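Secondary and tertiary structure notes
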Amino acid sequence: MDKATPYFVEKEEKITMEENNQIVEKITKIVNPFIEEMKLSLVDVEYLQDGGYWYVRIFIENLNGDLSIEDCSKLSSKIEDKVEELIDHKFFLEVSSPGLERPLKKLEDYIRFTGEKITLHLKHKLDDKKQFKAIIKEVNGDNIIFLIDKKEIEIKFNEIRKANILFEFNDF
């Protein structure tokens, strides 16, 4: 090993987007029965490499109240062995709430968070921009009506690349 290479950084392993999606799908299938059993809701599953380390991140919430550390720990214990069987290298398993600026992944999320401020990232430009601050006004079929710069704009759900609740301290 040369002196420029730190001993703790493992070689980055590259996988295709398709392989990543397949692993996320398999992890989701492992997690879902336990989520249902615990009466929780799955927000998102991520499988990614950050530096030399791999992470499996499971984001959950309790639709009937607060999510506890015990809920996260319990789910982690239930899925840990099954996820380890799926992935043949070292990784960190993280189970947590999605946080204040939670992602909006499903159409149902937009219905649930109608009236909320969000950060919206589109797949294609709208008025020469792809990123907006918006308020969810209404969901109409597969379209979502947003209030952007005091104008109502209707956008197809499949045109949204990413969206997150926008938390601002002055809202507190």
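Residues numbered from 1 in each chain as written. Predicted model: local features only at pLDDT ≥ 70, side-chain atom pairs only at ≥ 80, totals over all residues. Heavy atoms only, no water.

A word on the side chain of N62. In this structure, N62 sits in the loop between β2 (53-61) and α2 (69-86). A polar contact of 2.9 Å, which involves the side chain of N62, links it to the backbone nitrogen of N64. (Helix = DSSP H or I, 4+ residues; strand = E, 2+ residues; numbered from the N terminus. Polar contact = N/O pair within 3.5 Å; in protein donor to acceptor, adjacent residues only side chain to side chain.)

Moving on: the sheet that holds strand β4 (residues 117-126). Taken in spatial order, the five strands line up as β7-β6-β5-β4-β8 in an open sheet, and their pairing is antiparallel. Of all the strands in the sheet, the pair left with one neighbour each is β7 (151-156) and β8 (160-165). Adjacent strand axes in the sheet meet at a mean angle of 40 degrees when their direction is disregarded. (Pairing = 2+ DSSP bridges. Axes fitted to C-alpha atoms, helices over the stretch in contact; angles between N-to-C directions.)

I58, I60, L75 and I79 are the most contacted members of the largest nonpolar core, which totals 23 residues. Of all the elements in the fold, those that place two or more residues in this core are α1 (17-37), β1 (41-50), β2 and α2. The element contributing the most residues to this core is α1, with seven residues. (Core = buried A, V, L, I, M, F, W, Y, C linked by side-chain atoms within 4.5 Å. Buried < 20%, exposed > 50% of the residue type's maximum accessible area, 1.4 Å probe, protein only.)

With that settled, consider the confidence of the model for the protein chain. Of the residues in the protein chain, 91% reach a pLDDT of 70 or more, and the chain-wide mean stands at 90. Across residues 1-10, where pLDDT falls below 50, the model places six contacts with residues more than four positions away in sequence or in other chains. (pLDDT = per-residue confidence, 0-100. Contact = heavy atoms within 4.5 Å.)

Here the phi dihedral of K39 falls at roughly 60 degrees; this positive angle occurs in a residue that is not glycine. Looking at the element boundaries, K39 is found in the loop between α1 and β1. The residue D127 is not glycine, and still its phi comes out positive at about 55 degrees. Mapped onto the elements of the fold, D127 is located in the loop between β4 and β5 (129-140). Under the relative-accessibility criterion, D127 is labelled exposed at 58%.

Applying the stated criterion to the full structure yields five aromatic pairs. Centre to centre, the rings of Y47 and W54 are 4.7 Å apart; their planes meet at 20 degrees, and the pair counts as stacked. The residues Y47 and W54 share a single accessibility class, namely buried. Summarising the aromatic geometry, the rings of Y110 and F146 are spaced 6.3 Å apart at their centres and angled 80 degrees between planes, so their arrangement reads as edge-to-face. With Y110 in helix α3 (residues 107-112) and F146 in strand β6 (residues 143-148), this pair connects stretches of sequence that are 36 residues apart. (Phe/Tyr/Trp six-rings, centres within 6.5 Å; stacked < 30°, edge-to-face > 60°.)

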